[in-house]
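# Examining the three-dimensional arrangement
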Amino acid sequence: MSLYSEGELGRVAVRGCVQFSLRYQLAEKELQVHVLRCRELAEAKKQRSDPYVKTYLLPDKSNRSKRKTAVRKRSLDPVFNETLKVSNPPLGGFGGARGSSGMGGGGSSHPVSPPHQYKLEKRDLQGRTLNLSVWHHDSLGRNLFLGEVEVALGTWDWANTRPEWFSLQPRTPIPSDGLASRGHLNLALKFIPAGSEGGGMPPTGELHIWVKDAQSLIPLQSGTVDAFVQCYVLPDDSKASRQKTRVVKRSLNPLFNHTMVYDGFQAKDLAEACAEFTLWHHEAFSKRQLGGVRLSLGTGSSYGLPVGWMDSTAEERGVWRQLLQQPGLWVEALLPLRTNLVPRA
């Protein structure tokens, strides 16, 4: 079986090209892939192929993301003139801490996937890739790969709705989780030193965190995300340090608007600390981590001891330095959700 769950027998040298256009229909909230024709395809049999076109909206490689054209018999230059409609299926510290929410022709011998009833917001296309592949259909299910094209939808010019020709490429293996990021987390932070607000207030230094929203999330499998954010201020990884936002269901751009406060700090503690944020998909009896952010100086150690979580990127280190240099002021940041963070309980 191939990467995309098609039975294969043998290989052919990929050649030829495919013509299609892309259009996002705002009223229907769906991506429309108009497949016009192919030209000079490889021969699966003697001077012939029985081609069809298939699409996925990566990283979703499930059947719910798959769309197919009809098969065009005995043609190396098939004309499809079909529109495949893609839409979105749903998915079945230191001291105390406190938080709050509120701040065409030809016969068919291959099933054609019907349009899905669920909707796809245009902003959800950020971070998605359209995979369009051409296959020879075999009556015994021994389908043969004839080439593919991949289009990064986040950089596509949606004003261009004209059909374009694309050269077919050999298959590119896709790792099961080869993404460096699964979206972005929008945060603001402020450190208030002890006694800086007059009258001896606050009695200890406070780290204020505002989890605003997440943007352009990429689901682990398909559909959407039931998202929440979890935060620790390390090295304290106890339950007292852990704070969570509410769960925002069925959104790839969830709005949290949740504030958290960690107290008991001195300014020097921040140089040894790390604010770790992880975004999770909530399920009925479990949760799965999509990615995270670690804000620290990234020194690799805390209070003289080597620690793995002091591994902040240059962008994350810059935010934490700005926090240290500007006490009393909000520092805002939109940061990639890294996928290389080991999940914490």
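Residues numbered from 1 in each chain as written. Predicted model: local features only at pLDDT ≥ 70, side-chain atom pairs only at ≥ 80, totals over all residues. Heavy atoms only, no water.

Residues shown with low pLDDT carry predicted positions that ought not to be read at fine detail. In this model, the protein chain carries a mean pLDDT of 83, and residues with pLDDT of at least 70 account for 84%. Segment residues 1–9 is flagged for pLDDT under 50; beyond a separation of four residues in sequence, or across chains, it makes 29 contacts in the model. The low-confidence segment residues 89–96 (pLDDT under 50) makes 33 contacts with residues lying over four places distant or belonging to another chain. (pLDDT = per-residue confidence, 0-100. Contact = heavy atoms within 4.5 Å.)

Another aspect to go through is the pattern of salt bridges. Evaluated as defined, the whole model comprises 10 salt bridges. Linking Glu 283 and Arg 288 is a salt bridge whose minimum nitrogen-to-oxygen distance equals 2.8 Å. Overall, the relative accessible area of 25% leaves Glu 283 in the partly exposed class. For Arg 288, a relative accessible area of 24% puts it in the partly exposed group. When salt bridges that share partners are traced, they join Glu 276, Arg 294, Asp 311, Glu 316 and Arg 338 into one network. (Salt bridge = Lys/Arg side-chain N within 4 Å of Asp/Glu carboxyl O. Buried < 20%, exposed > 50% of the residue type's maximum accessible area, 1.4 Å probe, protein only.)

The subject of this paragraph is the side chain of Glu 148. Examined against the element boundaries, Glu 148 turns out to sit in strand β8 (residues 144–152). You can call Glu 148 buried: its relative accessible area is 2%. Within the structure, the side chain of Glu 148 is placed 3.1 Å from the side chain of Asn 131, a separation counted as a polar contact. (Helix = DSSP H or I, 4+ residues; strand = E, 2+ residues; numbered from the N terminus. Polar contact = N/O pair within 3.5 Å; in protein donor to acceptor, adjacent residues only side chain to side chain.)

When we look at a pair of aromatic rings, we describe it by the centre distance and by the angle of the planes. The tally for this structure, following the rule as stated, stands at three aromatic pairs. For the ring pair Phe 20 and Phe 166, a centre distance of 4.5 Å and an interplane angle of 15 degrees mean the geometry is stacked. Its relative accessible area of 1% is what places Phe 20 among the buried residues. Given the relative accessible area of 18%, Phe 166 is considered buried. We note Arg 39 situated over the ring of Trp 165; from NZ or CZ to the ring centre the distance is 4.1 Å. (Phe/Tyr/Trp six-rings, centres within 6.5 Å; stacked < 30°, edge-to-face > 60°. Lys NZ or Arg CZ within 6 Å of the ring centre and 35° of its normal.)

If you trace the four strands from one edge of the open sheet to the other, you get β4-β3-β7-β8, paired in antiparallel fashion. Of all strands in the sheet, those bounded by a partner on one side alone are β4 (67–68) and β8. Note that strand β7 (residues 129–136) and β8 share eight bridges and pair antiparallel. Within β8, the position partnered with Leu 130 by the bridge is Val 151. (Pairing = 2+ DSSP bridges.)

With that out of the way, let us pick up the environment of Tyr 24. Relative to the helices and strands, Tyr 24 resides in strand β1 (residues 17–25). Owing to a relative accessible area of 11%, Tyr 24 belongs among the buried residues under this scheme. The spatial distance from the C-alpha of Tyr 24 to the C-alpha of Lys 85 is 9.6 Å, given a sequence separation of 61 residues. If we skip the residues at most four places from it in the chain, Tyr 24 touches Lys 29, Glu 30, Leu 31, Leu 120, Glu 121, Lys 122, Leu 125 and Trp 158.

In this structure, the amide linkage connecting Leu 234 to the following residue, Pro 235, adopts the cis form with an omega of 20 degrees. With respect to the helices and strands, Pro 235 occurs in the loop between β12 (227–234) and β13 (243–244). With a phi close to 50 degrees, Asn 81 is a non-glycine residue in the positive phi region. Despite not being glycine, Asn 257 shows a phi value in the positive range, around 50 degrees. Secondary-structure assignment places Asn 257 in strand β14 (residues 255–265).

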